[in-house]
Amino acid sequence: MAKGVTFDFQPEKCVTNEQQVDRISQLPNEILVDILSLLTLEDAAKTSVLSKRWIDLWLNVDKLDFDSKKLWKGLEDEDAPDYLRFYASNSRKYVEWVNKVVQSHKATTLDAFRIRFDLTSSFKTDIDNWVHFAYARRVHMLDLDFSGYDGVGYCIVYNFPNDLLGLSFVNSSAPPLSNSYGNDINSGATSFGFKSLRTLAFNSVGMSGEVLEFFLHNCPFLESLRVELSDKLENFRVCGPSLALKHLEIMDCFHCSITVCNTNIVSLKTTQGQALVLQNVPMLVDVEIGGFGIDADANLVARAISWLSCCISKLEILSLRIKYSQRHMVKDLNAALPQLTQLKLLTFHAIRARKGTSLIKFTSLIKASPNLEKFVMKTLWCDDDEHNDDEGCDDDGRDDDEGYDDDERDDDEGYNDDERDDTCIEPFKHLKVVEFWGYCGSRTEIEFVEYFVEKGYNLERLVIDSRELSEKGLPGDSLEMDAARKNRAKTAKIQLNRLLPQSVELVII
C-alpha cells in the first residue's frame with residue numbers, strides 16, 4: 001500500500017431526519033418549474049402539499065395538458081347511453097377544472113395548451129375564454145380535441161372564433177382571404193398572439209379553409225397542422241415556398257378538397273385522397289392516404305398511385321387505408337405498379353376486411369419496393385353479416401373468397417404459381433421487420449405469416465399485435481378487449497412458434 005494512503009472502512013453514521021437537507025427545494029424556481037413541467041398536470045398540482053416552498057409553484061409551468069382520456073378508458077366500447085351519461089356527469093367537472101387552472105395560472109407564456117375531452121357546444125363561452133387565454137400567452141402548441149361524439153355520429157362542437165384573427169368577414173360576400181394578405185389583415189401582425197405557434201391541432205372544430213390559410217401565412221414558425229372531423233372545411237390550399245409547414249394531417253373532413261403545391265412539406269396524412277392535388281413537393285417523403293367513399297376505396301391502390309404521381313418515386317414511408325371489403329380490390333392489387341426504390345416502410349390499413357379473405361395480394365407493393373425494410377399490416381376484421389348490406393359484396397353475402405367474381409380471384413391461396421418463382425425473392429432482400437396488427441389466428445393470417453417466412457430470407461423480427469383495432473388503426477384497451485387479446489396472444493404463440501426459424505424473433509403483444 002502506498003505510503004501516506006489510508007482507508008477507512010468504518011460504516012457511515014446514519015443520518016437522522018433532523019440532519020437531512022432538502023436540496024431539491026433549494027434549487028432556483030426556474031429549475032423547479034422545469035421539473036414540474038415533466039409531470040402530468042394533476043401530479044404537478046399535488047406538489048403544493050410538500051412544503052411552503054412548493055405552494056402554487058406548479059402554476060408557473062408552461063405546459064398545460066388537460067388530457068383526461070384516461071377517465072374514459074374503455075368507455076368507447078360501451079353502449080352509447082352509458083357513454084353519454086358519463087360525459088353528462090363529468091363534463092362540468094372537467095370545465096371547472098380547466099377554468100380554475102386558467103384563472104390562477106401565473107406563467108406569461110405557454111409552450112403547450114391542450115384540451116381533450118368530449119364537450120358540447122353548450123360550453124362555447126368557456127372554450128372561448130380558453131382560446132383567448134392561450135392567445136394572450138403566445139402559445140407554441142395549441143391542441144383543441146373535443147372528439148365530438150354525440151351517441152350517433154361525430155359533430156362540430158366548437159366554431160373557432162374568427163374575430164380573434166380579425167377575420168369576421170369570412171363566409172361573407174367579402175373577397176377571399178387569398179386576395180387579402182395585405183396590410184388590412186396583417187396590420188396587427190406584430191401583436192398577433194398566435195404568431196409563435198409551432199403546432200396546431202383541431203378535432204371537431206368548425207372552421208373554413210380561409211382560417212387555416214391565415215394561420216399558415218401569419219405563423220412563421222408553424223411546422224405541424226392537424227385537422228380532424230371538420231365538416232365546414234371545404235377548400236384548403238397549402239401553397240408557397242415561404243411556408244414553414246412540414247407536417248400536414250387532414251382527416252375525415254368529408255367535404256374538403258386539398259391543394260398542396262410549391263412547398264417544402266415533408267409528411268402528409270389524409271383521408272381525402274380523391275380530392276387531393278399535389279404539385280412540386282420535392283421534400284415529401286412520408287404519406288398516409290385513403291379515399292373517402294365506396295368509389296374511391298374500390299380501387300384505392302391504382303388511384304393512390306395516380307394521386308401521388310409527382311412524388312411516389314421519392315417516398316420513404318407509405319401508408320394506404322383500404323376498405324378491403326370492396327369486391328374489386330383483389331384484382332386492383334395486381335395492377336401495374338411503379339418502382340418505389342426509396343421506400344423503407346410500407347403500411348396497409350385494411351378496414352372492415354371480411355374474415356377468411358386472403359391477404360397475400362397486399363404484398364404486391366413489396367415486390368415494387370426493392371429496398372423495403374419494414375412492412376406493417378393493420379387489419380380490422382368484421383363478420384360476414386356485417387357485409388350483407390355492403391355494396392362491395394354479392395347480394396347473397398357469400399363469405400370467404402366467394403365474395404368476388406370468378407375472374408377476380410387467382411386461386412384460393414391468394415397468389416398463383418407464377419408468384420412463387422425465384423424472381424419474387426429479390427424484392428424481399430432488405431426486409432427485416434414484419435408487423436401484423438389485429439391478429440386473431442385465422443387460416444388466412446397464418447398463410448400470410450408463412451408467405452413472409454418463405455420470401456423474407458433476411459427477416460429478423462415478426463411482431464404480432466393481437467389487440468382488436470378501431471377503424472383508425474388504433475388498438476382497443478377495454479377490459480373485455482384485453483381478455484380477448486390474451487386468448488389471441490396465446491393462440492398466436494402456439495401457431496407461429498413452429499413456423500419461424502430460430503433466426504427470427506417473435507414478439508407477441
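Residues numbered from 1 in each chain as written. Predicted model: local features only at pLDDT ≥ 70, side-chain atom pairs only at ≥ 80, totals over all residues. Heavy atoms only, no water.

- Naming follows an unreviewed UniProt entry, where the chain appears as OLC1v1015467C1 of Oldenlandia corymbosa var. corymbosa.

**So, the pattern of salt bridges**
Here's step 1: According to the stated counting rule, one finds 16 salt bridges in the structure shown.
Here's step 2: Residue Arg226 is joined to Asp143 by a salt bridge in which the shortest nitrogen-to-oxygen separation is 3.4 Å. Of the two residues, Arg226 is situated in strand 7 (residues 224-228) and Asp143 in strand 3 (residues 141-145); the sequence distance between them amounts to 83 residues.
Here's step 3: Judged by its relative accessible area of 2%, Asp143 is buried.
Here's step 4: Close ionic contact of Lys455 with Glu454 constitutes a salt bridge, the shortest N to O distance being 3.9 Å.
Here's step 5: Classification of Lys455 by relative accessible area gives buried; the value is 2%.
Here's step 6: Through salt bridges with shared partners, one network takes in Asp65, Asp67, Arg114, Arg116, Asp143, Asp145 and Arg226. (Salt bridge = Lys/Arg side-chain N within 4 Å of Asp/Glu carboxyl O. Helix = DSSP H or I, 4+ residues; strand = E, 2+ residues; numbered from the N terminus. Buried < 20%, exposed > 50% of the residue type's maximum accessible area, 1.4 Å probe, protein only.)

**Examining the pairing of strand 17 (residues 433-437)**
Here's step 1: For strand 17, the buried fraction is high: 5 of the 5 residues fall into the buried class.
Here's step 2: Of the pairings in the sheet, the one linking strand 17 to strand 18 (residues 461-465) comprises 5 bridges and is parallel in character. Residue Glu435 lies in a different strand from strand 18, and its bridge partner there is Val463.
Here's step 3: As for the winding sense of the linkage, the β-α-β connection from strand 17 through helix 11 (residues 443-455) to strand 18 is right-handed. (Pairing = 2+ DSSP bridges. Right-handed = clockwise from strand over helix to strand, strands pointing away.)

**Remarks on the side chain of Arg137**
Here's step 1: Of note, Arg137 is situated in the loop between helix 4 (124-136) and strand 3.
Here's step 2: Asp62 provides the closest opposite charge to the buried, salt-bridge-free Arg137, at an N-O distance of 11 Å.
Here's step 3: A distance of 3.2 Å separates a polar side-chain atom of Arg137 from the backbone oxygen of Ala107.
Here's step 4: Beyond its immediate stretch of four places on either side in the chain, Arg137 contacts His105, Ala107, Thr108, Thr109 and Leu110. (Lys, Arg positive; Asp, Glu negative; His and termini not counted. Polar contact = N/O pair within 3.5 Å; in protein donor to acceptor, adjacent residues only side chain to side chain. Contact = heavy atoms within 4.5 Å.)

**Quick look at helix 6 (residues 209-218)**
Here's step 1: Counting buried positions along helix 6 yields 8 of 10 residues, so the element is predominantly enclosed.
Here's step 2: When helix 6 is considered as a whole, its buried residues turn out to be Gly209, Val211, Leu212, Glu213, Phe214, Phe215, Leu216 and Asn218.

**Points about unusual backbone geometry**
Here's step 1: The phi torsion at Arg138 lies on the positive side, around 50 degrees, for a residue other than glycine.
Here's step 2: Locating Arg138 in the fold gives a position in the loop between helix 4 and strand 3.
Here's step 3: Taking relative accessible area as the criterion, Arg138 reaches 34% and is therefore assigned partly exposed.
Here's step 4: Backbone geometry places Ser204, a non-glycine residue, at a positive phi of 65 degrees.
Here's step 5: Checked against the element boundaries, Ser204 lands in the loop between strand 5 (199-203) and strand 6 (205-206).
Here's step 6: Classification of Ser204 as buried rests on a relative accessible area of 0%.

**Focus on the sheet that holds strand 10 (residues 257-261)**
Here's step 1: Strand order in this open sheet of 3 strands is 8-10-12, and the pairing throughout is parallel. With partners counted over all chains shown, the strands left at the sheet margins are strand 8 (235-239) and strand 12 (276-279), one partner each. Across this sheet, the average inter-strand angle for adjacent strands is 5 degrees, counted without regard to direction.
Here's step 2: Relative to strand 10, strand 8 runs parallel, the two being bridged by 5 bridges. Bridging from a neighbouring strand, Phe236 pairs with Ile258 of strand 10. (Axes fitted to C-alpha atoms, helices over the stretch in contact; angles between N-to-C directions.)

**Re the packing of aromatic side chains**
Here's step 1: Applying the stated criterion across every chain, the model contains 21 aromatic pairs.
Here's step 2: Seen in terms of ring centroids, Phe113 and Phe133 are 5.7 Å apart; in terms of plane orientation they differ by 55 degrees. Their pairing is tilted. Of this pair, Phe113 sits in strand 2 (residues 112-116) while Phe133 sits in helix 4; the two residues are 20 residues apart in sequence, bridging distant segments of the chain.
Here's step 3: Owing to a relative accessible area of 0%, Phe113 belongs among the buried residues under this scheme. (Phe/Tyr/Trp six-rings, centres within 6.5 Å; stacked < 30°, edge-to-face > 60°.)

**Quick look at the nonpolar core**
Nonpolar side chains in soluble globular proteins generally cluster together in the buried interior.
Here's step 1: By size, the foremost hydrophobic cluster in this structure holds 118 residues, and its most contacted members are Phe113, Phe194 and Phe375.
Here's step 2: With residues near it in sequence (within four places) discarded, Phe375 still touches Leu346, Phe348, Phe362, Ile366, Leu431, Val433, Val434, Glu435, Phe448 and Phe452. (Core = buried A, V, L, I, M, F, W, Y, C linked by side-chain atoms within 4.5 Å.)

**Examining the side chain of Ser230**
Here's step 1: Within the element layout of this structure, Ser230 appears in the loop between strand 7 and strand 8.
Here's step 2: Looking at Ser230, the relative accessible area reads 0%, which means it is buried.
Here's step 3: Setting aside residues no more than four positions away along its own chain, Ser230 makes contact with Ile156, Val205, Gly206, Met207, Asp252 and Cys253.

**Focus: the confidence of the model for the chain**
Here's step 1: Chain-level pLDDT for the chain is 76 on average; 70% of the residues reach the 70-or-more range.
Here's step 2: Low pLDDT, under 50, characterises residues 169-190; the predicted model gives this stretch 26 contacts beyond four residues in sequence or across chains.
Here's step 3: The low-confidence segment residues 325-330, where pLDDT is below 50, has 30 contacts with residues more than four positions distant or belonging to other chains. (pLDDT = per-residue confidence, 0-100.)

**Considering helix 4**
Here's step 1: End to end, helix 4 covers 18 Å across 13 residues, agreeing with the expected 18 Å (1.5 Å per residue, within 8%).
Here's step 2: Taken together, the buried positions of helix 4 are occupied by Asp126, Ile127, Asp128, Trp130, Val131, Phe133, Ala134 and Tyr135.
Here's step 3: Just past helix 4, the residue Arg138 takes up positive phi, approximately 50 degrees. (Expected span 1.5 Å × (residues − 1).)

**A look at the environment of Ile446**
Here's step 1: Mapped onto the elements of the fold, Ile446 is located in helix 11.
Here's step 2: Residue Ile446 is classed as buried on the basis of its relative accessible area, which comes to 15%.
Here's step 3: In the structure, Ile446 is positioned 53 residues away from Leu499 in sequence and 9.1 Å away in space, judged by C-alpha atoms.
Here's step 4: Apart from the residues within four sequence positions on either side, Ile446 is in contact with Tyr439, Gly441, Gln495 and Leu499.

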